[in-house]
Structure formats: C-alpha cells, structure tokens
Amino acid sequence: MSRRCELTGIGPMVGHNVSHSNIKTKRRFLPALSPVTLQSDSLGQTFKLRISNAALRTLDYKGGLDVFLLGSKDELLSPRALKIKRQVKAKAATQAAAA
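In this text, all values refer to a predicted model and were calculated from it rather than measured experimentally. (Residues numbered from 1 in each chain as written. Predicted model: local features only at pLDDT ≥ 70, side-chain atom pairs only at ≥ 80, totals over all residues. Heavy atoms only, no water.)

Mapping Leu33 onto the fold places it in strand 3 (residues 33-40). What makes Leu33 buried here is its relative accessible area of 14%. For the pair Leu33 and Ala55, spaced 22 residues apart in the sequence, the C-alpha separation amounts to 9.3 Å. Not counting chain neighbours up to four residues away, the residues in contact with Leu33 comprise Arg3, Arg4, Cys5, Arg50, Ile51 and Ser52. (Helix = DSSP H or I, 4+ residues; strand = E, 2+ residues; numbered from the N terminus. Buried < 20%, exposed > 50% of the residue type's maximum accessible area, 1.4 Å probe, protein only. Contact = heavy atoms within 4.5 Å.)

The structure is reproduced here in structure tokens:
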C-alpha cells in the first residue's frame, strides 16, 4: 500500500537530516495518514479511506465528504475517491432533475 493520501494526493517528500557538524544525509518525510470512516450525506453510505490528518481537518472545515469531493480536482484523487465522486455527482444530478 502506498503512502499517499486518497483525497489530497500528498505523498512522501525527501529532504536532509542535518547534524550539528552540518553533515547532510538523505531522509524521507512521510505524511501522517490515518484510516478513517467517512459518511457521505447524499449517498447515505460510509466509506473507509486512508487520508492525511490535514485532509481530515479540511473535510471538517469544508463541511463534509461530498462538498470536498465536488470541489477537488480529479487528478489528485485516488481511483476509489474518484468513484465516490462520480456517484455523488450522479446523485446530485438526479436530485436536481427531480426538483
């Protein structure tokens, strides 16, 4: 399983450990990922995703999974998140047509 957030696409970064004597050695900065269960309001389902803690705070700020997915770019989303986004869009289109 890759160390990549399913919603924001954030992954490992590289940098240096710098010692007191200024010797630089390569290291990886891994994202803080958490397995969470998120509720979709429009679909009425729960989804298990592995997302970063920053993405979880952004979800709370934006107002939920549906709003976040509809506002995010398709290139950043994982295939599972993209499938959920398509379902949410389809549900929103059917509700708009019914109203």
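That shown, we press on.
In this structure, Arg50 sits in strand 4 (residues 45-52). Among buried Asp, Glu, Lys and Arg side chains, Arg50 stands out as unpaired, with Glu6 the closest opposite charge at 7.0 Å. At 3.3 Å, the side chain of Arg50 and the backbone oxygen of Ser2 are in polar contact. (Lys, Arg positive; Asp, Glu negative; His and termini not counted. Salt bridge = Lys/Arg side-chain N within 4 Å of Asp/Glu carboxyl O. Polar contact = N/O pair within 3.5 Å; in protein donor to acceptor, adjacent residues only side chain to side chain.)

Looking at chain direction, strand 3 and strand 4 are connected through eight bridges and run antiparallel. Of the residues in strand 4, the one forming a bridge with Leu38 is Phe47. Remark: four residues form the turn of the hairpin made by strand 3 and strand 4, two consecutive strands paired antiparallel; Gly44 in that turn has positive phi of roughly 70°. (Pairing = 2+ DSSP bridges.)

What follows is about the nonpolar core. Among the nonpolar cores identified, the biggest contains 18 residues, and Leu7, Leu38, Ile51 and Leu65 are the most heavily contacted of them. Secondary-structure elements contributing two or more residues to this core are strand 3, strand 4, helix 1 (53-62), helix 2 (65-71) and helix 3 (79-98). When residues in this core are grouped by element, the largest group, four residues, is from helix 3. Once you skip the residues sitting within four places of it in the chain, Leu38 turns out to touch Leu7, Gln45, Thr46, Phe47, Leu49, Ile51, Leu56, Leu59 and Leu65. (Core = buried A, V, L, I, M, F, W, Y, C linked by side-chain atoms within 4.5 Å.)

The subject of this paragraph is helix 3. With 20 residues, helix 3 extends 29 Å from end C-alpha to end C-alpha; this agrees with the ideal 28 Å at 1.5 Å per step. Taken together, the buried positions of helix 3 are Ala81, Leu82, Ile84, Lys85 and Val88. Down the axis of helix 3, the buried set is contained in an arc of 155°. They therefore lie on one face. Structural note: helix 3 exposes Pro79, Lys83, Arg86, Ala97 and Ala98 on the side pointing more than 90 degrees away from its buried face. Along its buried surface, helix 3 packs onto strand 3, strand 4 and helix 2. (Expected span 1.5 Å × (residues − 1). Arc of directions from axis to C-beta.)

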